[in-house]
Amino acid sequence: MVFNLVKFLAISLVVTGAIALILIASQRAGRLSGKGGLDFNGPLSAAGAPAQPQESLALRDGFAMQLRAYDSGRGDAPLLVLVHGSGWHGLQFDPLARRLSARADVLVPDLRGHGEKPGVRGDLAYIGQLEDDLADLIKARRKPGQKVILGGHSSGGGLVVRFAGGPHGGMLDGAVLLAPFLKHNAPTTRPSSGGWAQPLTRRLIGLSMLNAARIRALNHLTVIQFNMPQAVLDGPLGDTATTAYSYRLNASYAPRGDYLADVAALPPFLLVAGRADEAFDAARYQPTMQPVTDKGRYLLVPDIGHLAIVDAPETAQAIEGFLNAF
């Protein structure tokens, strides 16, 4: 009987692995049109403006994280770390960070896999490495007794939620979520994030099956592409754009499967989104999140889209008010 059970399990494992491999092999990354998706006019208009110079910070594995630092010059200011959204880099926060530096010491990193010096563009070494990187950054730059607020836009906001629910969540005193990505199946997410994200669904399913069996050898494969406008790719910052993610980077950049458990772990937070968001249904954030946490403040800004929310005056004003509590 024991032999038959072992035989059954072995056959089941082989069949499952074969199905997973077929799913993975059946889909490959292709070329996207560059049309539709998100409005990059704001980021493009800022491309020629002088930005805060970057510096580097060596992380635990020796990777040189690129970041911009905006010092408040105040001894009692909190530390605010701002995390960019998918496909882009920390430059998107330059105007906002300059303004907020009157109230906080602001750090804006380019996440591993992104920006001018990505390491391996669109990839990293293991699931969870982005959280470890942010923890290293906070440990290296936090002053004794300084309060820590972690903020992020879009997938960066999703990473903030993931961080709160992970092993380093205790480092946070507050969070700022700008139109955050909660999960592909969350009520807040529009189909394909409004045309921006193009997942390779069969590949994702196959790799998820292998990872459930602790087989991670193929986690470097591309599982999602971004419909980056051709005007961005042909522009002065085109070589800093990241148009696809591996399975392990994509998994690292979003809350876990039980995303509401990560939401429930958030410290006091501010959520700001535009009512005209192309990627997410802003009106559904509070009904989705409030049942699991009463720590949030919610602000929906009329007539503002997904990328434009970062530079909306209402966003800066709301964050300034939130920072006053720290």
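First, a word on scope: everything that follows refers to the structure included in this document.

Criteria and cut-off values
Residues numbered from 1 in each chain as written. Predicted model: local features only at pLDDT ≥ 70, side-chain atom pairs only at ≥ 80, totals over all residues. Heavy atoms only, no water. Helix = DSSP H or I, 4+ residues; strand = E, 2+ residues; numbered from the N terminus. Contact = heavy atoms within 4.5 Å. Phe/Tyr/Trp six-rings, centres within 6.5 Å; stacked < 30°, edge-to-face > 60°. Buried < 20%, exposed > 50% of the residue type's maximum accessible area, 1.4 Å probe, protein only. Salt bridge = Lys/Arg side-chain N within 4 Å of Asp/Glu carboxyl O. Pairing = 2+ DSSP bridges. Axes fitted to C-alpha atoms, helices over the stretch in contact; angles between N-to-C directions. Parallel < 35°, antiparallel > 145°, perpendicular 65-115°, else oblique. Nonpolar A, V, L, I, M, F, W, Y, C, P; charged D, E, K, R; others polar.

Note on placement: Gln146 falls in the loop between helix H4 (129-141) and strand E5 (148-153). Not counting chain neighbours up to four residues away, the residues in contact with Gln146 comprise Ala77, Pro78, Leu79, Asp105, Arg141 and Asp173.

To continue, consider the packing of aromatic side chains. What describes a pair of aromatic rings is the distance from one ring centre to the other and the angle between the planes of the rings. All told, the structure shown has six aromatic pairs when counted by the stated rule. For the pair Phe181 and Phe280, a centre-to-centre distance of 6.1 Å together with 40° between the ring planes defines the contact as tilted. With Phe181 in the loop between strand E6 (174-178) and helix H6 (192-195) and Phe280 in the loop between strand E10 (269-274) and helix H11 (285-289), this residue pair connects regions lying 99 residues apart in the sequence. No difference in accessibility class separates Phe181 from Phe280, as the two residues are buried. Ring centres 5.2 Å apart and planes at 20° place the aromatic pair Trp196 and Phe226 in the stacked group. Highlighted residues: Trp196 in the loop between H6 and strand E7 (197-199) and Phe226 in strand E8 (residues 222-226), separated in sequence by 30 residues. Of the residues examined, Trp196 reaches a relative accessible area of 4% and is grouped as buried.

A word on the pattern of salt bridges. Scanning the entire structure with this criterion turns up 14 salt bridges. Where Arg103 meets Glu320, a salt bridge forms, and the shortest distance between an N and an O atom there is 3.6 Å. Placement of the pair is Arg103 in the loop between helix H3 (94-100) and strand E4 (105-110) and Glu320 in helix H12 (residues 313-323), with a sequence separation of 217 residues. When its relative accessible area of 12% is taken as the criterion, Glu320 is described as buried. Between Arg256 and Glu131 there is a salt bridge; the shortest N-O distance is 2.9 Å.

On a regular strand, one side chain projects to one face of the sheet and the next to the other, so that they alternate. Where strand E1 (residues 55-58) lies against strand E2 (residues 64-70), four bridges are found, and the strand directions are antiparallel. Looking across to E2, one finds that Ala58 is bridged to Ala64. Hairpin connection, E1 to E2: the antiparallel pair is bridged by five residues, and Gly62 has positive phi, about 90°.

Moving on, we come to the packing of H4 against helix H5 (residues 155-165). Where H4 meets H5, the closest approach of the two axes is 10 Å, and the angle between their N-to-C directions is 80°. Overall, the two elements H4 and H5 adopt an arrangement that is roughly perpendicular. From H4, Leu130, Glu131, Leu134, Ala135 and Ile138 reach across to H5, where they touch Leu159, Arg162 and Phe163. Here the residues of the contact of H4 with H5 are counted per class, giving six nonpolar, no polar and two charged.

Attention now goes to the sheet that holds E10. The strand order across the open sheet built from eight strands is E1-E2-E4-E3-E5-E6-E10-E11, with neighbouring strands paired in mixed fashion. Two strands bound the open sheet, and with one partner strand each, they are E1 and strand E11 (296-301). Sheet twist, expressed as the average angle between the axes of neighbouring strands with direction ignored, equals 25°. Pairing geometry for E10 and E11, over six bridges, is parallel. Bridge pairing in E11 links Leu270 to Arg297. Of the strands in this sheet, strand E3 (79-83), E5 and E6 are in contact with H5, which crosses E5 at around 140°.

Pairing within the open sheet is antiparallel, and its three strands lie in the order E7-E8-E9. With one partner strand each, in any of the chains shown, E7 and strand E9 (244-246) form the two edges of the open sheet. Neighbouring strand axes in the sheet, compared pairwise and without regard to direction, differ in orientation by 20° on average. Note that E8 and E9 share three bridges and pair antiparallel. Within E9, the position partnered with Ile224 by the bridge is Tyr245.

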